[in-house]
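A look at the structure
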Amino acid sequence: MIRTRFAPSPTGYIHIGNVRSAIYPYLIAKQAGGKFILRIEDTDRARYVDGATDLIMETLHWLGLDWDEGAGIGGPNEPYYQSERKEIYHTWARKLVEIGRAYADPTPPEKVDEYRKADKNAKIPFLFRNHRPAEADLSPEETMKLWEAGAPLRFKAEPKNYSWHDEVMGDLSTGPEVLDDIILIKKDGLPTYNFAHIVDDFEMEVSHIVRGVEYLSSMPNYLAIYEALNIEHPKFVSLPHVLAPQGNKKLSKRDGAKSVVDYRDDGILPEAMLNYLACLGWNDGTEQEIYTMSELLEKFSIDRIQNSGARFDETKLLWQSGIWIRKIFDEQGVDALYARTEGFWPESAMSYPEKYRKKILSIVYDRLKVLSDLRTMTDYFFETPEIDLEMLTRNKFLKKMSEQELAELLRIVSERLSEIKDWNEDELQAAFNELLEKTAKKPAELFSLVRISTSFAPFSPALHLTAAVLGRENFLSRLNSARSALLNDGM
Ligand code: GLU
């Protein structure tokens, strides 16, 4: 049975750099008919952020990474919050005490700091085991007493070589120099990540640990604990870093890694986010770039996860987001895309009927990168734009004409369009084509003039489409206002 988990610490939002630690285990479990677990690693009370767990769950739901067991829904290994599993860790820690592999450490933290400094000055790597206190040799009973009196519990390392296999990094090995007496249970009675995850993954029958490569250096210590407890370890799947856009460092909150939720609020579709992140450091060996969740479930495989860092590229994310917006529209229709646009329209749009907004959506959707582009790209459909003559007179296609000339062109356009009986796209298209001939202007000239005069926006869809949606009266009145403004200005 394949069982994987996402085990976030609720220390803040989930940023772009760590979502793959949720996506990949989800795919691994789901493609094998296994279970995906959400475990909240909240034993570091100092770094605990209120509300972070809710935000994590919201993010996972939004991405479509629903879990089968875990926080919020329960399951056979409850509780799924580490802070509520204290007794379980203590039971496992006692086993280590009983076999002489854990000791209560009375060394005050200031002393530990002194050791660290002294080793640094002597240029030797700091290992606590080189400063192991005499209490490390107490009997299990005495150790229990000292532990109960509030001393933290440490692992008693036995330096030796380890070799193991990582599904992404291959065969690895280390020497004894990395093994140390790591803390298992802190002074506050809560376990460290190092100990808790081992216990939990075992109890929860996790088959694959999928996590960031930053844990690799602690692997020998973990292997030593598995060995001491005489339990089998899961498979290890270490994910290389997501790199910041520049340089060779890992993308982090400090480097401006945005929260996944921020991208959601910008109007990136969850499908696009999932697609982009899944392919950040993974590919199926083909040129394919757009994957639906079901394609990912079909094609994802651990052995094609890259073992080097993958660079985060927001431009590519936005490009894929645009593709997904078009994909939803083209495959599922305007209603399906419209249903995603709530909250992304300009405020002025809300007093218009849905039908009108849908019409607009169907002529602008192919230019959207994120849904919030609607706010800036469609406002002239809902409000009469302010006339900005400079936008006309400075336009690269129009600047060689005088204001009188521009006004005269607008008069001709207006006259021809007024003759249209049935104001629709086809009639409008025909009229614009005729006007090109009649005025002997280039399309870029005539259409820029009409486009700007009726929208005063940097972008608008094809003229006949815009005109059809705006309606006869509105469109003609905008043309006439622009014309009057040009004439007044030119006088
Ligand atoms: N709580 C750890 C973190 O948030 C999880 C590491 C793991 O998946 O084991 O980084």
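Everything discussed here concerns the structure shown above.
Below: a short report on this structure. (Residues numbered from 1 in each chain as written. Predicted model: local features only at pLDDT ≥ 70, side-chain atom pairs only at ≥ 80, totals over all residues. Heavy atoms only, no water.)

On to the packing of helix α1 (residues 20-31) against helix α9 (residues 270-278). At a minimum axis separation of 10 Å, α1 and α9 run at an interaxial angle of 90 degrees. Comparing their axes, α9 and α1 come out roughly perpendicular. Here α1 contributes R20, I23 and Y24 to the contact with α9, which in turn contributes L274, L277 and A278. Across the contact of α1 with α9, the residue classes tally to five nonpolar, no polar and one charged. (Axes fitted to C-alpha atoms, helices over the stretch in contact; angles between N-to-C directions. Helix = DSSP H or I, 4+ residues; strand = E, 2+ residues; numbered from the N terminus. Parallel < 35°, antiparallel > 145°, perpendicular 65-115°, else oblique. Contact = heavy atoms within 4.5 Å. Nonpolar A, V, L, I, M, F, W, Y, C, P; charged D, E, K, R; others polar.)

The next thing to look at is the environment of L60. One can find L60 in helix α2 (residues 52-63). Relative accessible area serves as the criterion here: at 0%, L60 is assigned to the buried category. Through-space distance from the C-alpha of L60 to that of K30 is 15 Å; in sequence the pair is 30 residues apart. Apart from the residues lying within four places of it in its own chain, the contact partners of L60 are F6, A22, L38, L65 and W67. (Buried < 20%, exposed > 50% of the residue type's maximum accessible area, 1.4 Å probe, protein only.)

It is worth spelling out the pattern of salt bridges at this point. Scanning the model with the defined rule gives 32 salt bridges in all. In this structure, the salt-bridge partner of D105 is R154, at a minimum N-O distance of 2.8 Å. Of this pair, D105 sits in the loop between β4 (102-104) and α4 (109-121) while R154 sits in strand β5 (residues 153-155), placing them 49 residues apart in sequence. Between R416 and E419 there is a salt bridge; the shortest N-O distance is 3.9 Å. The class for E419 is exposed, based on a relative accessible area of 52%. (Salt bridge = Lys/Arg side-chain N within 4 Å of Asp/Glu carboxyl O.)

So, on to helix α6 (residues 193-203). Of all eleven residues in α6, eight are buried, a share of seventy percent or more. The set of residues buried in α6 consists of Y193, F195, A196, H197, I198, V199, D200 and D201. For α6, the elements touching its buried residues are β1 (3-6), α3 (86-98), β8 (183-185), β9 (208-212) and α7 (219-229).

One finds M273, F381, L417 and F475 to be the most contacted residues of the largest nonpolar core, which totals 111 residues. Aside from chain neighbours lying at most four places away, what touches F381 is Y352, Y356, I360, I363, V364, P461, T466, V469 and L470. Membership of the second largest hydrophobic core comes to 39 residues, among which are W92, L96, Y193 and I198. (Core = buried A, V, L, I, M, F, W, Y, C linked by side-chain atoms within 4.5 Å.)

Every residue close to the ligand is listed here: R5, A7, P8, S9, E41, Y193, R211 and Y215. Within the side chain of S9, a nitrogen or oxygen atom sits 2.8 Å from a nitrogen atom of the ligand. In the environment of the ligand, a nitrogen atom lies 2.6 Å from a nitrogen or oxygen atom belonging to the side chain of E41. Within the complex, 80% of the 300 Å² of free accessible area of the ligand lies under protein. Of the pockets mapped on this structure, the ligand occupies the largest pocket. For the shell around the ligand, a count of residues per class yields four nonpolar, one polar and three charged. (Near = heavy atom within 4 Å. Polar contact = N/O pair within 3.5 Å; in protein donor to acceptor, adjacent residues only side chain to side chain. Areas by Shrake-Rupley, 256 points an atom, 1.4 Å probe, with all protein chains shown as cover. 1 Å grid on protein atoms, 1.4 Å probe; cavity = no way out; pocket = protein on both sides within 12 Å on 5 of 7 lines; lining within 4 Å. Sits in = over half its atoms within 2 Å of the grid points.)

Moving on, we get to α1. Helix length check: α1 (twelve residues) gives 16 Å between terminal C-alpha atoms against 16 Å at 1.5 Å per residue, within 8%. With ten of twelve residues buried, α1 is to be regarded as a mostly interior element. Of all the positions in α1, only R20, S21, A22, I23, Y24, P25, Y26, L27, I28 and A29 are classed as buried. G33 lies just past α1 and shows a positive phi near 70 degrees. (Expected span 1.5 Å × (residues − 1).)

Checked against the element boundaries, A257 lands in the loop between β11 (242-243) and α8 (260-266). Owing to a relative accessible area of 6%, A257 belongs among the buried residues under this scheme. It is 6.0 Å that separates the C-alpha atoms of A257 and H15, two residues lying 242 residues apart in sequence. Setting aside anything within four residues of it in sequence, one finds A257 in contact with Y13, H15, L251 and S252.

This part is about the layout of surface pockets. Approximately 1,100 Å³ is the volume attributed to the largest pocket. Looking at the lining of the largest pocket, the elements with two or more residues in it are β1, α1, α6 and β9. Per-element tally for the lining of the largest pocket: the top contributor is β9, with three residues. T107, P108, P109, P152 and K187 are the residues nearest the centre of the second largest pocket, which is lined by 13 residues in total. Taken together, the residues of the lining of the second largest pocket sort by class into seven nonpolar, one polar and five charged. (Points joined across faces, edges and corners; volume = space filled by probe spheres on them.)

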